[in-house]
Amino acid sequence: MKVAKTIAEMREFRQETEGTLGFVPTMGYLHDGHMSLVKMAREENQVVAVSIFVNPMQFGPREDFKSYPRDTRRDLALLEPLTDIVFMPSDKDMYPRDYDSWVEVKGLTDVLEGAVRPGHFLGVTTVVAKLFNVVQPDKAYFGQKDAQQVAVIKKMVKDLNMNLEVVTCPTLREKDGLAMSSRNTYLKRGQRQAATVLYKALMLAEELVSRGENDAGAIRLEMKEFIEKEPEANIEYISIADNATLREIHHIKLPALVSMAVKIGKTRLIDNIVLE
Ligand code: AMP
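This section reports on the structure supplied with the text. Model, not experiment: these values are computed from the prediction. Within any chain, residue numbers begin from 1 and follow the written order of that chain's sequence. With pLDDT at 70 or above as the cut-off, local features in this predicted model cover only qualifying residues; side-chain atom pairs require 80 or more to be listed or tallied, and sums for whole chains, interfaces and linings still use all residues. Note: side-chain values were computed over all heavy atoms of the structure, leaving out hydrogens and water.

1. Description of the layout of surface pockets
To keep things clear, this is the line we draw: Only protein atoms enter the 1 Å grid, on which a cavity is a set of points fitting a 1.4 Å probe that cannot get out and a pocket is an open set with protein on both sides within 12 Å along at least 5 of 7 lines, lining residues being those with an atom within 4 Å of a point. Grid points are joined across faces, edges and corners, and a volume is the space filled by probe spheres set on the points. When residue character is reported, Ala, Val, Leu, Ile, Met, Phe, Trp, Tyr, Cys and Pro are called nonpolar, Asp, Glu, Lys and Arg charged, and the others, Gly included, polar.
The computed volume of the second largest pocket comes to approximately 190 Å³. Grouping the amino acids of the lining of the second largest pocket by side-chain chemistry returns nine nonpolar, two polar and four charged.

So this is what it looks like as C-alpha cells:
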C-alpha cells in the first residue's frame, strides 16, 4: 500500500496505474462503515484509493473541526490489506493561501443538513470535486448514512458531466442499531445508550407506515414525542421527505427519506432510513 501525502504524488500514481480505480473519500478515524465502502470498492475495481482528509471547508465556525478524532496509524493499518493507495493531502496543498474556487450545487442543499449547517455542502462539493480531479476514479463510494451528501454528489457529477459513477453503500450499524460514526467516540458512557433513540425513532416511523399511517405530520409528531422522552436528546430536525427532491411531504409517498439530526449531550448525530 502506498501513501501519497501530496497531490503531485497522487497524480503520479494515477498516471502509472492501469485498470479501473475505485475511490473512497473519508475524513479518517475509520470504522466498519467506512471499511464496508472500501470492501465494495475492492470487489468492483482493480485499483482502490482511499483519501483521508478532514476538510476544514465543510465545518462551520462553531463545529468540531479542531476536535474531530484522528488516528492515522490505526487507519493505515486497517486499510493496508484492502487498499492500493491512501491519499492524505495537507490543508495547505488542498487550499493554498490564494485559493478562490468553489463548486456549488443549488436546490438539494437548501434543506435538511444544508438548512442547519450553512456552507457545509459548499465545502463538501468543493473538496469532493477537487479529490475527483486529482484521483480520477472510475467509481466513487459513499454511504447512505449521509443520504443528502450522496444525493448532492450525484447531482454534481451529473450536472458537471464528471466522468465517473457514484455508488451508494448501505448504512452499517452497531448491534443495537446506532449508525456507526466517527463522532460516536464523543459519546460519554450514559450517552451511548441514549444515542439508540435515533434508530428506534426511525423504526417507529417504519412501523407506523407499515400499519397504514399516511399522514407524515402525524408520524413526525410521534417520532418527536418518542425522542423527547430521552433526557439526553435534543432534536435539531426530524424530516420525512421525497427521496428524490428531499422536500418535505405531507402524505406518505414512497420512496420517502426519513431523516433526523439529534444532539445527544454535545454530540450531534444524524441518521436516516428510506421507506420503499
Ligand atoms: P466520513 O469519514 O464521515 O466523511 O465518511 C466517509 C464516508 O463513509 C461517507 O461516504 C460516509 O457516508 C460513509 N459512512 C460513514 N458512516 C457510515 C456507516 N455507518 N455506514 C456506511 N457508510 C458510512
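Don't stop here, the text continues.
2. Some remarks on a negative patch on the surface
What counts, and what does not: Residues qualify for a patch when their relative accessible area is over 30% and they have no salt bridge, like charges being joined within 9 Å and the nonpolar side chains of Val, Leu, Ile, Met, Phe, Trp and Tyr within 5 Å. In these tables, accessible area is a Shrake-Rupley quantity obtained with a 1.4 Å probe, and a residue counts as shielded only by the protein chains included in the view. A side-chain nitrogen of Lys or Arg and a carboxyl oxygen of Asp or Glu constitute a salt bridge if their distance falls within 4 Å. Charge convention: Lys and Arg are scored as positive, Asp and Glu as negative, and His as well as the terminal groups of each chain are ignored. All charge positions are set by atom: Lys at NZ, Arg at CZ, Asp at CG, Glu at CD. Only DSSP runs of H or I reaching four residues or more are called helices, and only runs of E reaching two or more are called strands; each is numbered from the N terminus.
The grouping of E213, D215, E222 and E225 at the surface amounts to a negative patch. Among the structural elements, E225 can be located in helix α10 (residues 216-228).

3. Digging into the site of the ligand
Short version of the rule: The cutoff for a nearby residue is simple: one of its non-hydrogen atoms must lie within 4 Å of the molecule or strand. A 3.5 Å cut-off defines polar contacts: any pair of N or O atoms within that distance qualifies, except that in protein one atom must be a possible hydrogen donor and the other a possible acceptor, and neighbouring residues in sequence count only when both atoms are side-chain atoms.
M27, H34, D146, L172 and M180 are the nearest of the 17 residues found near the ligand. At 2.9 Å, a backbone N or O of G143 approaches an oxygen atom of the ligand. Within the backbone of L172, one N or O atom sits 2.8 Å away from a nitrogen atom of the ligand. Within the complex, the protein chains bury 92% of what would otherwise be the 480 Å² of accessible surface of the ligand. Looking at the shell around the ligand, the elements with two or more residues in it are β2 (21-26), α2 (32-44) and β5 (139-143). In terms of residue count, α2 provides more of the shell around the ligand than any other element does, three residues in total. Residue classes in the shell around the ligand are distributed as eight nonpolar, seven polar and two charged.

4. Observations regarding helix α6 (residues 120-135)
Cut-off, in case you're wondering: A helix is expected to reach a length of 1.5 Å times the quantity of its residues less one. When accessible area is computed with a 1.4 Å probe and restricted to protein chains, residues below 20% of their type maximum are described as buried, those above 50% as exposed, and intermediate ones as partly exposed.
End to end, α6 covers 22 Å across 16 residues, agreeing with the expected 22 Å (1.5 Å per residue, within 8%). Most of α6 sits inside the fold, with 14 of its 16 residues counted as buried. Backbone geometry just after α6 places Q136 at a positive phi near 50 degrees.

Limitation: the analysis is restricted to geometry and does not speak to function.
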